[in-house]
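# Fold and geometry: a report
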Amino acid sequence: MRIPFLNLQKLNKRFEIKFKSQFEDFLHKGHYILGNKLIEFENAYANYCNAPYCIGTGNGLDALTLILKAYIELGKLALGDQIIVPANTFIATILSVKQAGLVPILIDPNETSFIITATAIKQKITPSVKAIIVTHLYGQISGMDELKDLCTDKNLLLIADAAQAHGAIDQNNNKAGSIAHAAAFSFYPSKNLGALGDGGAITTADSGLANCIQKLRNYGTSEKYKNDLIGTNSRLDEIQAAFLLEKLKVLDTDNTKRREIAYRYSKEIINENIKLPLWNNDKSHVFYVYVVRVKNKNHFCDYLNTHKVGYVIHYPIPPHKQKALANEFKNQSFPVTEKLSNEVVSIPLNPILETHEIDYLIEILNKYTCPA
């Protein structure tokens, strides 16, 4: 049996008839950018996230960058301000800070949750720190109450990189996208809510921020040929908005399926050589990926290859070790992040996995032995 990490063609096959219908309507209307489908999706996704405003963008990186640039335009941030960012994240989180003309201050995560905590952040807060970006890594919301209290106490902006957490709900029944001052989402095809190309969005309850971002994403215009700001071109296009509207209808069902599989893994994978992720069996995790930890990553991956089980490593090289950022962080060490990068492997978990495939995955993982 061969089980790929993710079969996107099979995942999207479920929507083929509706996608074709949406595409025919798209061709017939001939309105390709900033049209009614985008407005419909923005309204639907704002409502889904329990956030007053949603602004579609070209991708998740742009979503984060536009939030930061809008705060600069509004005077809530200034060029050169320091922004606290997880060391253990996809590099886009850090790139957004750099591209906005701000300075990233990296924080090692909690080794159990993989997410930065208020306790660790407090040690790095100085008068130059003006905001915190927290990543809902792998699809999990964690520690947001403490971070909100900290930001209130220190008068800091709280921004969520929610690119992997579509539909996650915290212990207070708050959806990802409605907890921080602003949240950025990616609709990269592999995400829980994935487009058939690039796409992103921002959610917020701040009307001034939303209005500023709407201008910035479209050349800084308030109306056609009237440029109020130095903007960019980062717009979620009509056809992707139409596709996302169809997929949004089943997002909760898909997330429930993901959690059901994760529950089976957590109960049925019993192997001292494999450390499973911490989870309270609640809706705070939507398992964009299911990440296990092993002592000998290369050996484990070879074992999976032998048994035709797909996997991905998120992320093999930490951002501070990447060539692009090496000079900036050359004298800094983030031991937890570095340890995790040497141990984590993502195994298949998605809503199209069939029962016999899940059974096989559990069987193979339980048989794994690590060399002495």
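Residues numbered from 1 in each chain as written. Predicted model: local features only at pLDDT ≥ 70, side-chain atom pairs only at ≥ 80, totals over all residues. Heavy atoms only, no water.

Glancing now at helix α10 (residues 251-268). When the terminal C-alpha atoms of α10 are compared, their 26 Å separation across 18 residues agrees well with the 26 Å that a helix rising 1.5 Å per residue should span. For α10, every residue scored as buried is listed here: L251, D254, N255, R258, R259, I261, A262 and Y265. Along α10, the residues classed as buried sweep out an arc of 160° about the axis, all on the same side. For α10, the secondary structure elements touched by its buried residues are α3 (36-49), α9 (238-248), β10 (290-293), β11 (344-347) and α13 (355-366). (Helix = DSSP H or I, 4+ residues; strand = E, 2+ residues; numbered from the N terminus. Expected span 1.5 Å × (residues − 1). Buried < 20%, exposed > 50% of the residue type's maximum accessible area, 1.4 Å probe, protein only. Arc of directions from axis to C-beta. Contact = heavy atoms within 4.5 Å.)

This part covers the sheet that holds strand β4 (residues 129-135). In space, the 7 strands of this open sheet follow the order β1-β7-β6-β5-β4-β2-β3, with mixed pairing throughout. What marks the edges here is a single partner per strand, and that holds for β1 (53-57) and β3 (103-107). In this sheet, neighbouring strand axes are inclined to one another by 20° on average, regardless of whether the strands run parallel or antiparallel. Where strand β2 (residues 82-86) lies against β3, 5 bridges are found, and the strand directions are parallel. Counterpart to Q82 in the pairing with β3 is V103. Along the sheet face, helix α7 (residues 144-154) touches β4 and β5 (157-161) and points at about 150° away from the line of β5. (Pairing = 2+ DSSP bridges. Axes fitted to C-alpha atoms, helices over the stretch in contact; angles between N-to-C directions.)

Attention now moves to the layout of surface pockets. Computed from the structure, the largest pocket encloses a volume of approximately 600 Å³. F90, Y188, S190, K191 and Y288 are the residues nearest the centre of the largest pocket, which is lined by 31 residues in total. Counting only elements with at least two residues in the lining of the largest pocket, the list comes to α4 (60-73), α5 (91-99) and β6 (182-186). With 3 residues, the top contributor of residues to the lining of the largest pocket is α4. Among the residues making up the lining of the largest pocket, the classes are represented as 16 nonpolar, 11 polar and 4 charged. Its boundaries defined by the atoms lining it, the second largest pocket holds a volume of some 280 Å³. For the second largest pocket, the lining is made up of 13 residues, of which L34, N218, T221, E223 and K224 are closest to its centre. Those elements that provide at least two residues to the lining of the second largest pocket are α8 (207-216) and β8 (221-223). (1 Å grid on protein atoms, 1.4 Å probe; cavity = no way out; pocket = protein on both sides within 12 Å on 5 of 7 lines; lining within 4 Å. Points joined across faces, edges and corners; volume = space filled by probe spheres on them. Nonpolar A, V, L, I, M, F, W, Y, C, P; charged D, E, K, R; others polar.)

Taken together, the side chains of Y32, I33 and L34 define a hydrophobic patch exposed on the protein surface, amounting to about 260 Å² of accessible area. As for its placement among the helices and strands, I33 is situated in the loop between α2 (16-29) and α3. (Patch = residues over 30% accessible without salt bridge, like charges linked within 9 Å, V, L, I, M, F, W, Y side chains within 5 Å. Areas by Shrake-Rupley, 256 points an atom, 1.4 Å probe, with all protein chains shown as cover. Salt bridge = Lys/Arg side-chain N within 4 Å of Asp/Glu carboxyl O.)

This part takes up the pairing of β2. Of all the 5 residues making up β2, 4 are buried; the element is thus mostly covered by neighbouring parts of the structure. One crossover worth recording links β2 to the parallel β3 by way of α5, and it is right-handed. Here 3 bridges tie β2 to β4, and the two strands are oriented parallel to one another. In the strand pairing of β4, Q82 is matched with V129. (Right-handed = clockwise from strand over helix to strand, strands pointing away.)

What follows concerns the packing of aromatic side chains. For the coordinates displayed, the defined rule picks out 16 aromatic pairs. Ring centres of Y45 and F185 lie 5.1 Å apart, and the angle between their planes is 85°; this geometry places the pair in the edge-to-face category. Taken together, the positions of Y45 in helix α3 and F185 in strand β6 put the pair 140 residues apart, joining distant regions of the chain. You'll find Y45 and F185 in the same group, each marked buried. A centroid spacing of 5.0 Å and a plane angle of 75° characterise the contact between Y265 and Y290, whose relative ring orientation is edge-to-face. Of this pair, Y265 sits in helix α10 while Y290 sits in strand β10, and the two are 25 residues apart along the sequence. Comparing Y265 with Y290 shows no difference in burial state: the two are buried. Each member of the aromatic cluster is reached from another via a ring pair, and the members are F41, Y45, Y48, F185 and F187. (Phe/Tyr/Trp six-rings, centres within 6.5 Å; stacked < 30°, edge-to-face > 60°.)

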